[in-house]
Amino acid sequence: MANFFAMGGYAVFVWPAYAVTFVVLIAAIVLSIQSYTQARRNVRQLEEEGSATEETR
Amino acid sequence: MMITALANPKRFLDLSRTVSPWTCALAVILLGIGFYWSLFATPPDYQQGQSVKIMFVHVPAAWMGIFIYSMMAGASLVGLVFRHPLADVAAKSAAPLGAAFTALALLTGSLWGRPMWGTYWQWGDARLVSELILLFIYLGYIALWNAIDDPVRAAKAAAVLALVGAADVPVIHFSVDWWNTLHQPASILRLGGPTIDKAFLVPLLIMIVGYTFLFLWLLLLRMQTEILERRARSLMMARGA
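Note that the structure is predicted; figures quoted are calculated from it, not measured.

Rules used in this analysis
- All chains use their own residue numbering, which begins from 1 and follows the written sequence.
- Chain labels run from A onward and ligand labels from 1 onward, assigned in the order the entries are written.
- pLDDT decides what is reported in this predicted model: residues at 70 or higher carry local features, side-chain atom pairs at 80 or more are listed and counted, and totals for whole chains, interfaces and linings draw on all residues regardless.
- Side-chain numbers here rest on the full set of heavy atoms in the structure, without hydrogens or water.
- Secondary structure elements follow DSSP: runs of H or I no shorter than four residues count as helices, runs of E no shorter than two count as strands, and numbering proceeds from the N terminus.
- Atoms counted for the radius of gyration: C-alpha only. Globule rule: 2.2 Å times the number of residues to the power 0.38.
- Using a 1.4 Å probe on the protein chains alone, a residue whose accessible area is under 20% of its type maximum counts as buried, one over 50% counts as exposed, and one in between counts as partly exposed.
- Polar contacts, as counted here, are pairs of nitrogen or oxygen atoms within 3.5 Å of one another; within protein the pair requires one atom able to donate a hydrogen and one able to accept it, and residues that are adjacent in sequence qualify only if both atoms are side-chain atoms.
- Throughout, a contact is declared for two residues whenever any of their heavy atoms are within 4.5 Å.
- Buried area is a sum: the accessible area each of two parts loses on coming together, probed at 1.4 Å, counted once for each and added.
- In what follows, salt bridge is the name for a side-chain nitrogen of Lys or Arg lying within 4 Å of a carboxyl oxygen of Asp or Glu.
- Each residue is assigned to one class: nonpolar for Ala, Val, Leu, Ile, Met, Phe, Trp, Tyr, Cys and Pro, charged for Asp, Glu, Lys and Arg, and polar for all the others, Gly among them.
- Residues enter patches when their relative accessible area tops 30% and they take part in no salt bridge; the joining distance is 9 Å for like charges and 5 Å for the nonpolar side chains Val, Leu, Ile, Met, Phe, Trp and Tyr.
- Here the accessible surface of atoms and residues is derived via Shrake-Rupley with a 1.4 Å probe, and residues count as covered only by protein chains that are part of the display.
- The aromatic pairing rule takes the rings of Phe, Tyr and Trp, using the six-membered ring of Trp, and pairs them if the centres are within 6.5 Å, calling planes under 30 degrees apart stacked, those over 60 edge-to-face and the rest tilted.

Peer 1: Explain the overall build of chain B to me, please; I cannot follow it from the model alone.
Peer 2: Each helix and strand counted, chain B has eight helices and zero strands in total. Its helices and strands taken in sequence order, chain B reads α-α-α-α-α-α-α-α from the N to the C terminus. In terms of overall dimensions, chain B is globule-like: its C-alpha atoms have a radius of gyration of 20 Å, near the 18 Å expected for 241 residues. With the C-alpha coordinates of chain B rotated into their principal frame, the extents come out at 70 × 40 × 30 Å.

Peer 1: Help me understand the side chain of T42(B) in this model?
Peer 2: Residue and element names in this part refer to chain B. Within the secondary structure, T42 sits in the loop between α2 (9-40) and α3 (55-82). Judged by relative accessible area, T42 falls into the buried class, the value being 8%. Within polar-contact distance, the side chain of T42 engages the backbone oxygen of S38 at 2.6 Å. Filtering out sequence-adjacent residues up to four positions away, T42 remains in contact with W37, K53, F56, A199, F200 and P203.

Peer 1: Hey, could you run me through the side chain of T108(B) in this one?
Peer 2: By secondary structure assignment, the location of T108(B) is in helix α4 (residues 85-117). Of the polar contacts made by the side chain of T108(B), one reaches the side chain of H58(B); its length is 3.2 Å.

Peer 1: Hey, could you run me through the interface of chain A and chain B in this one?
Peer 2: How large an interface is tends to be reported as the accessible area lost when its parts come together. Residue-level contacts link 28 residues of chain A with 39 residues of chain B. Both faces considered, chain A and chain B share a buried interface measuring about 2900 Å² in area, 82% of it formed by carbon and sulfur atoms. On the chain A side of the contact with chain B, F13(A), Y18(A) and Y36(A) bury the most area, a combined 23% of that side's loss. Joining chain A to chain B, the criterion identifies two salt bridges. Residue E49(A) pairs with R239(B) through a salt bridge whose shortest N-O separation is 2.2 Å. Counting the contacts that link chain A with chain B gives four residue pairs in polar contact (both at pLDDT 80 or more). Examining the composition of the side of chain A that touches chain B, we find that 24 residues originate from one element, helix α2 (residues 11-56) of chain A, more than from any other. Looking at the side of chain A that touches chain B residue by residue, the class counts come to 21 nonpolar, four polar and three charged.

Peer 1: Looking at this structure, I do not really get unusual backbone geometry. What am I missing?
Peer 2: With glycine set apart, most residues show a phi of negative sign, and most peptide bonds adopt trans. Not every positive phi belongs to a glycine, and M7(A) is a case in point at roughly 50°. Turning to its location among the elements, M7(A) is positioned in the loop between α1 (2-6) and α2. With a phi angle near 55°, R83(B) is a residue other than glycine that sits in the positive phi range. Inspection of the secondary structure puts R83(B) in the loop between α3 and α4. Owing to a relative accessible area of 60%, R83(B) belongs among the exposed residues under this scheme.

Peer 1: Honestly, a nonpolar patch on the surface in this entry has me stumped. Any pointers?
Peer 2: All names here are of chain B. Taken together, L77, V78, V81 and F82 make up a surface patch of nonpolar side chains, about 390 Å² in accessible area. Relative to the helices and strands, V81 resides in helix α3. Since its relative accessible area comes to 54%, V81 is described here as exposed.

Peer 1: What is the right way to look at the packing of aromatic side chains in this model?
Peer 2: How two aromatic rings sit relative to each other is given by the distance of their centres and the angle of their planes. According to the stated counting rule, one finds 16 aromatic pairs over all chains in the structure shown. Relative to F215(B), the ring of F67(B) has its centre 6.1 Å away and its plane inclined at 85°; by these criteria the two rings are edge-to-face. Note that F67(B) is positioned in helix α3 and F215(B) in helix α8 (residues 198-240), a separation of 148 residues in sequence. Using a relative accessible area of 26% as the deciding quantity, one classes F67(B) as partly exposed. What makes F215(B) buried here is its relative accessible area of 1%. Ring centres of W178(B) and W179(B) lie 6.0 Å apart, and the angle between their planes is 75°; on these two criteria the pair is classed as edge-to-face. A relative accessible area of 42% means that W179(B) is categorised as partly exposed. Through pairs of rings, three or more aromatic residues link up here, namely F4(A), F5(A), W15(A), Y18(A), F22(A), F35(B), Y36(B) and F40(B).

In structure tokens form, the structure reads like this:
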């Protein structure tokens with residue numbers, strides 16, 4: 001196991017490369033999902049407000 | 001025709017809601033297998049030792065940077081010529097993903113270059129510099145969208161930039177042949193077939209396909225977001241009027 005983590009002496013290059021990959025991919029996923037749910041919430045709210053004003057007329 | 005049918009954002013939203021869970025599932029499965037295989041089931045390279053593990057995260061990222069840009073330039077052309085409403089949405093939504101993958105290619109490449117070439121960066125290397133220029137083109141493209149308020153004008157200006165910037169794509173691909181560089185020549189997309197051993201090629205291809213499905217999933221999600229944001233904007237304007 002320690003042998004695996006040592007990566008044949010290249011640990012300081014291999015692990016940061018995988019770490020930065022994970023961080024960037026996960027950030028891309030999280031940010032994309034967040035902006036989607038935010039946009040969907042906004043549209044729903046605007047549509048509800050719109051139909052509410054229709055009814056009061 | 002299929003493309004004209006999809007020009008209707010409603011129909012696109014329905015279709016992408018059906019397709020995107022599949023792209024997500026395929027991305028998760030392929031990346032799960034790909035990361036496991038790359039890290040635990042590949043042998044060390046006879047010259048590079050275990051540093052070759054970086055290849056499995058570097059090559060797919062670099063591939064995505066170019067693939068996404070080509071798609072973006074194609075969509076921009078369609079947007080300019082046919083005024084296809086979804087083309088601009090697709091190009092705009094793809095850009096931040098392309099920038100992220102290009103940044104990853106540069107970072108992982110740098111971490112691979114230090115042990116193999118003795119340097120993190122080399123300004124004289126055409127592959128490295130043309131890849132950095134690609135990142136700047138992506139960032140310029142995103143900045144241009146943000147700088148112009150009117151979406152129609154922004155789409156046009158950004159599309160022109162995307163098409164001009166497309167000149168960098170062949171330069172990146174052929175840089176390793178045109179100039180004598182540190183970066184090795186192509187070992188997968190070359191005449192006469194790949195020169196890379198199967199023990200590396202199979203997990204590498206799984207990673208590339210996994211990255212591609214991850215991109216497709218996020219692209220669909222971001223396009224849906226963009227359409228919703230446009231709808232919110234028009235609702236706001238209608239209320240203001």
